[in-house]
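# Observations on the model geometry
Read off the chains here:
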Amino acid sequence: MPSAATLPAHSRPGNRGGARLARLPRRRRTATPPVPCSGADSGARIVIVSAGIGGGHNACADELGRRLRASGFTVDTHDFMDQFPGRTGALLRRLYAGQLSVLPASWGMVCALLRARPVCWLVSVLCFVLTGRALRRRTAGAAAVLSTYPLATLVLGRLRRRGRLAAPVLTYLTDVSVHPLWMDRGCDCYLAAHRVTAEQITALGARRVRRVDAAVRSQFRSGAQPSQAAARRRLGLPATGRLALVAGGAWAVGDVARTAREIAATGTAVPVVVCATNEALRAELSAAGVGITLGWVDEMATLMRACDAVVTNGGGITSVEATELGVPVLIHRPLPGHGRTNAEAFDAAGLAYWVRDANELAAALHEPRRPATEPAKADPATVIAELAAVAAPASALRRIA
């Protein structure tokens, strides 16, 4: 078996295979020049509000922004956490990361508390007071505004309801399960990539929900990657035997080390652990000789294709990418809060298998079930373009359609 040193370097920012965002500073990606349509002038401007909280929100925002730019729109992307005054946003980001790393159970309690309607209302008001003015400036003159982060949706929806935002507001739901914080009646349209997601946001009171394809990059589409044998040769992984890819989200938090040890103990598969920038985790597993440890991974889709299953604890973007690629997903020891609700939603939809305890792990790895397939739906960029149609040039709409 080759050592981790035989694998390619993993240093450039790429997919969400690791915790690159934990190292990045606050990202403020302002106006990016659009890709011109054939013989057309610049497209209408669309504003995307995301957040560098984990990796999923920015991953979806980046992909949707890429599609819209390629179709002739000008896209401005802003980090919601940067809209707080002073260093408040940076502090909140560090507190959240620390909470998941040190006291994950406390995050589960916070998520449960935030389900209460009075608490949701209070959070909405506080966020509006602190960020509303900044977001109103950022979105002025936009043809449409897209949110990929729940707190941003709360503020944008309130601006819309109060008549301070003329552009339609859309929300792309990045999690399979829907927390009540995603819901604001000022949002014109919710975009849901899965049936269970659409059902949950509808139950919370959303007036308009559109089913769309998942906002993942083309390399995560089924058939976009080489065979498993070719993928293993490319990455220098063992040619034979079962491999289980272990991922702990953008920050590699949770019981990742324990999960890797449990997989190794089954004797069914060798764990391939994406430690990303979590050097302490990588050092711990390397010293113990547990499986194959990797840092930041550029070719995450190829790595998924090389493995027999993906084992994760968050049910976030990594799980969605794996299911789109057709790789079996096992959710084991999910993080409290959204990790657990995502596990429930994934399992109920047949998209992933929630492994409740270590005794189930060996059987699940021996015969991992393929994710359920869903019929093709609308491109989310097409739906965004529809609501931005009044300001968008006709050539851009023809191109995206």
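Residues numbered from 1 in each chain as written. Predicted model: local features only at pLDDT ≥ 70, side-chain atom pairs only at ≥ 80, totals over all residues. Heavy atoms only, no water.

When helices and strands are tallied, the chain shows 16 helices and 13 strands. Each of the 401 residues in the chain was classed as buried or not, and the buried ones make up 56%. Considering only intrachain contacts with a sequence separation of at least 6, the fraction spanning at least 24 residues in the chain is 68%. Carbon and sulfur atoms provide 54% of the accessible area of the chain, an area that totals close to 16300 Å². (Helix = DSSP H or I, 4+ residues; strand = E, 2+ residues; numbered from the N terminus. Buried < 20%, exposed > 50% of the residue type's maximum accessible area, 1.4 Å probe, protein only. Contact = heavy atoms within 4.5 Å. Areas by Shrake-Rupley, 256 points an atom, 1.4 Å probe, with all protein chains shown as cover.)

Among the secondary structure elements, Q225 is positioned in the loop between β7 (209-211) and α8 (228-235). Judged by relative accessible area, Q225 falls into the buried class, the value being 15%. A polar atom in the side chain of Q225 sits 3.3 Å from the backbone oxygen of Q219. Ignoring anything within four residues of it in the chain, the contact list for Q225 reads Q219, A301, T302, R305 and L325. (Polar contact = N/O pair within 3.5 Å; in protein donor to acceptor, adjacent residues only side chain to side chain.)

Another point: the pairing of strand β2 (residues 45-50). Here β2 lies mainly inside the structure; five of its six residues are buried. Bridge count between β2 and strand β3 (residues 74-79): six bridges; the pairing is parallel. Bridge assignment links I48 to a residue of β3, and that residue is T77. On the question of chirality, the crossover connecting β2 to the parallel β3 by way of helix α2 (residues 56-70) is right-handed. Here four bridges tie β2 to strand β4 (residues 144-147), and the two strands are oriented parallel to one another. What sits directly across from I46, in β4, is A144. (Pairing = 2+ DSSP bridges. Right-handed = clockwise from strand over helix to strand, strands pointing away.)

Our next topic: the packing of helix α9 (residues 256-266) against helix α14 (residues 358-366). Packed helices, taken two at a time, are described by the angle between their axes plus the distance between the axes. Packing of α9 against α14 leaves a shortest axis separation of 9 Å and a crossing angle of 60°. With respect to α14, the element α9 is oriented oblique. Between α9 and α14 lies a crossing of right-handed hand. Across the interface between the two elements, E262, I263 and T266 of α9 pack against A358, L361, A362 and L365 of α14. A breakdown of the residues in the contact of α9 with α14 according to their chemical character gives five nonpolar, one polar and one charged. (Axes fitted to C-alpha atoms, helices over the stretch in contact; angles between N-to-C directions. Parallel < 35°, antiparallel > 145°, perpendicular 65-115°, else oblique. Left-handed = near helix turned anticlockwise from the far one by under 90°. Nonpolar A, V, L, I, M, F, W, Y, C, P; charged D, E, K, R; others polar.)

With that out of the way, let us pick up helix α15 (residues 380-387). Burial runs high along α15: six of the eight residues are buried. For α15, every residue scored as buried is listed here: P380, A381, T382, V383, I384 and A385. Between a side-chain oxygen at the N-terminus of α15 and the backbone nitrogen of A381 the separation is 2.8 Å; the capping residue is D379.

This next bit is on the confidence of the model for the chain. Confidence in the prediction for the chain averages 85 pLDDT; 86% of positions are at 70 or higher. The secondary structure element of the chain with the lowest average pLDDT is helix α1 (residues 20-23), at 34, and the one with the highest is strand β5 (residues 169-172), at 98. The low-confidence segment residues 1-42 (pLDDT under 50) makes 119 contacts with residues lying over four places distant or belonging to another chain. Throughout residues 391-401 the model reports pLDDT below 50, and contacts reaching past four residues in sequence, or to other chains, amount to 26 contacts. (pLDDT = per-residue confidence, 0-100.)

Core analysis: the biggest nonpolar cluster contains 61 residues, and Y172, L245, L303 and M304 have the highest contact counts within it. In this view, M304 contacts F220, L245, V310, T318, E321, A322, L325 and V327; residues no more than four positions away in its chain are not counted. Counting residues in each nonpolar core, the second largest holds 43 residues, with M81, L159, C187 and Y190 among its members. (Core = buried A, V, L, I, M, F, W, Y, C linked by side-chain atoms within 4.5 Å.)

We now examine the pattern of salt bridges. Considering all chains together, one arrives at 17 salt bridges under this definition. E284 is the salt-bridge partner of R261, the closest N and O atoms lying 3.2 Å from each other. In this pair, R261 sits in helix α9 while E284 sits in helix α10 (residues 279-288), placing the two residues 23 residues apart along the sequence. The class for R261 is partly exposed, based on a relative accessible area of 36%. (Salt bridge = Lys/Arg side-chain N within 4 Å of Asp/Glu carboxyl O.)

In this section: the packing of aromatic side chains. Inspection of the entire model under this criterion finds three aromatic pairs. Between the aromatic rings of F80 and Y149, the centroid separation amounts to 5.8 Å while the plane-to-plane angle is 45°, which identifies the pairing as tilted. Taken together, the residues span a long stretch of sequence, with F80 in the loop between β3 and α3 (88-102) and Y149 in the loop between β4 and α6 (150-161) at a distance of 69 residues. Grouping residues by exposure puts F80 and Y149 together as buried. Residues Y96 and W107 carry aromatic rings whose centres are separated by 5.0 Å and whose planes lie at 75° to one another, so their mutual orientation is edge-to-face. With Y96 in helix α3 and W107 in helix α4 (residues 104-113), the pair connects residues that are 11 residues apart, well separated along the chain. With respect to burial, Y96 and W107 carry one shared label: buried. Counting every residue linked through ring pairs, the aromatic cluster contains F80, F84 and Y149. R158 extends its terminal NZ or CZ atom over the ring of F128, reaching a point 5.8 Å from the ring centre. (Phe/Tyr/Trp six-rings, centres within 6.5 Å; stacked < 30°, edge-to-face > 60°. Lys NZ or Arg CZ within 6 Å of the ring centre and 35° of its normal.)

This paragraph deals with the sheet that holds strand β13 (residues 353-355). As summarised here, the arrangement of the six strands in space is β10-β9-β8-β11-β12-β13, forming an open sheet in which the pairing is parallel. In the strand order of this sheet, the two ends are held by β10 (292-294) and β13, each with one partner. On average, each strand axis in the sheet is tilted by 25° relative to the strand beside it, whichever way the strands run. Across five bridges, strand β8 (residues 243-247) lies against strand β9 (residues 270-274) in parallel orientation. Counted as the bridge partner of L245 is V272 from β9.

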